[in-house]
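What follows is the residue order along each chain.
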Amino acid sequence: MTFRGAIVELSGDLLENASSPDRARWQLGRLVRSPELGNVPQKLFGLCLVYITVAALIWPSAYSAMTEMYLLRLFVFGPLSFLAVAIPMAIALSPKAPVTFIAMSIRTNGLRAAIVVIMFMLMLSAFTTYKVNIPDVVPFYCDKALADFGELLHGQAPWRIAHAFDSDLLATIVAMTYARLWFLEWFGLVFFAALLANQPVHLRYLAAMALVFMVVGTVMATLFSSVGPIFYNELVGGDRYAELLDVLKQRPSNEHVLSYSSYLLATYRNDMPALGSGISAMPSMHMAVATLNAFYLGRLNRWLGIAGWAFAIVILFGSVYTGWHYAADGYVSMLIVALIWRRTASISDGKRVTGAWSSKPVAETAS
């Protein structure tokens, strides 16, 4: 049996056949020692550290404020997000011993997971720091082109299609998924992957997430600096989306869009760093994270993958329905994330890692 085959078999046993505490303990203990991940974790850590350090050096006060706010939220909501995702994940992946699966993962890999989670929160602080400063680097300029392209592609403004079958129920579903469940899925899956980061598929997910922060959320967001339909009239000018705002006001569940947009507009105009602040439409980070999560869930379990892609479709619809994004914002995010996921395949597929990760094989085959 090849080394790669042994790893795949062992991972499958852990995820699907942990039928007893003793078996789960034995499997987790072996997994801590066995995967040959080369220097990918060290290179990933270094890449994240550069991303964080640059933000902290260029905008020290903003980064410090963001870090304090996000770490406070981590201690308050982190455990809840983890449990909300880990419990159904454990039931799906290890139905015979879900509690043992979670408990042994925490016991065996808790310290490593804590380090990964803290790094994630520092990355999130850096991401928000970059985001709030985008208009100082590249003023908003891309909105008219994005709006025109969406109308050309769909034959009309995409938001009109999304609201063609509007209802209070639809508005409630969008509010629940886009404003609440999305954060729960994102944070929960990162925390879950952190527990198993010594296994290739979970390390691949974390590496891809870091690249999503950098490529989608920072580099491309700066290159295509834009505000989105919800802010178009205020920051670009005109009344192109006045009807969309009127339509949103007709549904009580859309209040979250109107109140949060007012909050973001106030922080932008007052140049005030705040939790979740920053205006950026293209590409959509909501769609990027949902797409990456769908790829990741699909690698773990078929049914989890189906659920992940269904959720991603709802997020794509919600991004247009709410006016946070142009349709192209979501399409481009999906394309870029697909490329990132493919680029990181060598981490979990046992192929030779090149470029940013390593010049050595992640898993060399042996008789």
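Scroll up for the structure.
Residues numbered from 1 in each chain as written. Predicted model: local features only at pLDDT ≥ 70, side-chain atom pairs only at ≥ 80, totals over all residues. Heavy atoms only, no water.

Student: Outline the overall build of the protein, supporting the account with residue identities and numerical values.
Tutor: When its secondary structure is counted, the protein shows 17 helices and 0 strands. In the protein, which comprises 367 residues, the proportion classed as buried is 53%. A sequence separation of at least 24 residues applies to 81% of the contacts in the protein between residues at least 6 apart. Just so you have it, the protein exposes about 16500 Å², and 65% of that area is on carbon and sulfur atoms. (Helix = DSSP H or I, 4+ residues; strand = E, 2+ residues; numbered from the N terminus. Buried < 20%, exposed > 50% of the residue type's maximum accessible area, 1.4 Å probe, protein only. Contact = heavy atoms within 4.5 Å. Areas by Shrake-Rupley, 256 points an atom, 1.4 Å probe, with all protein chains shown as cover.)

Student: Go over the layout of surface pockets with me, naming the residues and quoting the values.
Tutor: By volume, the largest pocket is sized at about 1200 Å³. Lining the largest pocket are 43 residues, and of these W182, F183, Y260, G276 and H286 sit closest to its centre. Looking at the lining of the largest pocket, the element that brings in the most residues is helix α9 (residues 168-195), giving 9 residues. For the lining of the largest pocket, the class distribution of residues is 27 nonpolar, 13 polar and 3 charged. (1 Å grid on protein atoms, 1.4 Å probe; cavity = no way out; pocket = protein on both sides within 12 Å on 5 of 7 lines; lining within 4 Å. Points joined across faces, edges and corners; volume = space filled by probe spheres on them. Nonpolar A, V, L, I, M, F, W, Y, C, P; charged D, E, K, R; others polar.)

Student: Describe the pattern of salt bridges, with residues and values.
Tutor: Tallied over the full model, the rule gives 7 salt bridges. Of the charged contacts, one joins D168 and R251 as a salt bridge, the two residues approaching to 3.1 Å between their closest N and O atoms. Linking D168 in helix α9 with R251 in the loop between α12 (242-249) and α13 (255-269), this pair joins segments that are 83 residues apart in sequence. In this structure R251 comes out as partly exposed when scored by relative accessible area, which is 22%. Ionic pairing is found between R269 and E234, a salt bridge with its closest N-O pair at 2.8 Å. Here R269 is found in helix α13, whereas its partner E234 is found in helix α11 (residues 229-236), with 35 residues between them in sequence. On the basis of relative accessibility, which here comes to 48%, the residue E234 falls in the partly exposed class. (Salt bridge = Lys/Arg side-chain N within 4 Å of Asp/Glu carboxyl O.)

Student: Describe in detail helix α5 (residues 98-132), supporting the description with residues and values.
Tutor: Across its 35 residues, α5 extends only 41 Å between first and last C-alpha, which sits more than 12% below the 51 Å expected from 1.5 Å per residue. Within α5, the axis deviates most sharply at N109, by approximately 80 degrees. (Expected span 1.5 Å × (residues − 1). Bend = angle between axes of the 7 residues up to and from the residue.)

Student: Tell me about helix α3 (residues 40-58), residues and numbers included.
Tutor: Spacing of three or four residues puts side chains on the same side of an α-helix, whose turn is 3.6 residues. Across its 19 residues, α3 extends 27 Å between first and last C-alpha, which sits within 8% of the 27 Å expected from 1.5 Å per residue. Among all positions of α3, only V40, L44, C48, Y51, I52 and A55 are buried. The buried residues of α3 occupy one face: seen down the axis, they fall within an arc of 95 degrees. Turned more than 90 degrees from where α3 packs its buried face, Q42, V50 and L57 sit exposed. (Arc of directions from axis to C-beta.)

Student: Quick one: what's the story with unusual backbone geometry, residue by residue and with numbers?
Tutor: In this structure, P283 follows M282 across a cis peptide bond, with omega equal to -5 degrees. You can see P283 is positioned in the loop between α13 and α14 (285-300).

Student: I'd like a description of the side chain of D166, backed by residues and values.
Tutor: Turning to its location among the elements, D166 is positioned in the loop between α8 (158-162) and α9. The class for D166 is buried, based on a relative accessible area of 17%. Side chain to side chain, D166 and H163 meet in a polar contact 2.9 Å long. A distance of 2.7 Å separates polar atoms of two side chains, one belonging to D166 and the other to Y321. (Polar contact = N/O pair within 3.5 Å; in protein donor to acceptor, adjacent residues only side chain to side chain.)

Student: An account of the packing of aromatic side chains is needed here, citing residue identities and associated values.
Tutor: Enumeration according to the criterion identifies 24 aromatic pairs in this entry. Within the aromatic cluster, the residues linked to one another by ring pairs are F120, F127, W182, F183, W186, F187, F191 and F213. In this arrangement the basic side chain of R204 is found over the ring face of W341, its NZ or CZ atom lying 3.7 Å from the centre. (Phe/Tyr/Trp six-rings, centres within 6.5 Å; stacked < 30°, edge-to-face > 60°. Lys NZ or Arg CZ within 6 Å of the ring centre and 35° of its normal.)

Student: So what about empty space enclosed by the protein? Which residues, and what values?
Tutor: Per the counting criterion, the structure on display carries 1 cavity of 30 Å³ or more. Lining the largest cavity are 14 residues, with P158, P229, Y241, H325 and Y326 positioned closest to its centre. Sort the elements by how many residues they give to the lining of the largest cavity and helix α7 (residues 143-154) lands first, with 4 residues. Grouping the constituent residues of the lining of the largest cavity by class yields 10 nonpolar, 3 polar and 1 charged.

Student: Any chance you could break down a nonpolar patch on the surface for me, citing the residues and the numbers?
Tutor: Taken together, the side chains of L72, F75, V76, F77 and L80 define a hydrophobic patch exposed on the protein surface, amounting to about 560 Å² of accessible area. On the secondary structure map, L72 appears in helix α4 (residues 60-93). (Patch = residues over 30% accessible without salt bridge, like charges linked within 9 Å, V, L, I, M, F, W, Y side chains within 5 Å.)

Student: So what's going on with the nonpolar core? Residues and values would help.
Tutor: Counting residues in each nonpolar core, the largest one holds 103 residues, and the members touching the most others are M89, M123, W186, F192, Y205 and F213. Beyond its immediate sequence surroundings of up to four residues, M89 is in contact with L189, F192, L297, L300 and L304. (Core = buried A, V, L, I, M, F, W, Y, C linked by side-chain atoms within 4.5 Å.)

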